[in-house]
Amino acid sequence: MGAYTGICAAALCAGVELGIQPILSHTANGQALYCPYGLKSTVPAMVGGHLLVFGWVDFIVTALVIKYLQKQDSFLITREK
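Keep in mind the model is a prediction, meaning the values are calculated, not measured.

(A) Region of the structure containing the overall build of the protein chain. Within the protein chain, the secondary structure is distributed over 3 helices and 0 strands. Along the protein chain, from the amino end to the carboxyl end, the secondary structure elements read α-α-α. Its C-alpha radius of gyration of 19 Å places the protein chain more than 25% over the 12 Å reference for a compact globule of 81 residues. Viewed in the frame of its principal axes, the protein chain has a C-alpha envelope of about 65 × 25 × 15 Å. Taken across its 81 residues, the protein chain has 15% of its residues classed as buried. Restricting the contact set of the protein chain to residue pairs at least 6 apart, pairs at least 24 apart contribute 48%.

See the structure below:
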C-alpha cells in the first residue's frame, strides 16, 4: 500500500507543480512560458492515471519484488539474524 500511496501522492504534487506554472512564469501579455495548462487540467490528468493504472502496477511490482526477496534471502527484508 505504501507504493500505491507514494506514487499517487507524487502524481498529485507533480500535477500541482505543473498547474501553477502559468501563474508563476508568463510573458508580459499573460502567455505561459513552460506549461500552458492550469490546475483544472493537470491535477486530474496526473492523479487519474496513477489512481487507476500506474499506482496498481507499482503496487504489484513492489509486492512481487518483496515476495522474491523474502524467498531468496529473508535477511534482506527482516531484521532477524
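What follows picks up the thread again.
(B) Up close: a nonpolar patch on the surface. On the surface, Leu51, Leu52, Val53, Phe54, Val57, Val61 and Val65 cluster together into a nonpolar patch covering about 630 Å² of accessible area. Within the fold, Phe54 resides in helix 3 (residues 39-72).

(C) Region of interest: the packing of aromatic side chains. Taken as a whole, this structure holds 2 aromatic pairs when the rule is applied. These aromatic residues form a ring-pair network of at least three members: Tyr4, Trp56 and Phe59.

(D) Broad picture of the environment of Gly19. Structurally, the position occupied by Gly19 is in helix 1 (residues 2-19). A C-alpha to C-alpha distance of 5.5 Å links Gly19 and Thr42, two positions 23 residues apart in sequence.

(E) Structural detail: the state of the cysteines. Summed over all chains, the structure comprises 0 disulfides. Of all cysteine sulfurs in the structure, the one in Cys13 sits closest to Cys8, which takes part in no disulfide; the separation is 11 Å. Judged by relative accessible area, Cys13 falls into the partly exposed class, the value being 46%.

(F) Seen up close, helix 3. Largest kink in helix 3: about 55°, centred on Leu51. Along helix 3, the residues classified as buried are Thr42, Val47, His50 and Gly55. In this structure, the buried side of helix 3 is in contact with helix 1.

Cut-offs and rules
- Residues numbered from 1 in each chain as written.
- Predicted model: local features only at pLDDT ≥ 70, side-chain atom pairs only at ≥ 80, totals over all residues.
- Heavy atoms only, no water.
- Helix = DSSP H or I, 4+ residues; strand = E, 2+ residues; numbered from the N terminus.
- Rg over C-alpha atoms; globule rule 2.2 N^0.38 Å.
- Buried < 20%, exposed > 50% of the residue type's maximum accessible area, 1.4 Å probe, protein only.
- Contact = heavy atoms within 4.5 Å.
- Patch = residues over 30% accessible without salt bridge, like charges linked within 9 Å, V, L, I, M, F, W, Y side chains within 5 Å.
- Areas by Shrake-Rupley, 256 points an atom, 1.4 Å probe, with all protein chains shown as cover.
- Salt bridge = Lys/Arg side-chain N within 4 Å of Asp/Glu carboxyl O.
- Phe/Tyr/Trp six-rings, centres within 6.5 Å; stacked < 30°, edge-to-face > 60°.
- Disulfide = S-S within 2.5 Å.
- Bend = angle between axes of the 7 residues up to and from the residue.

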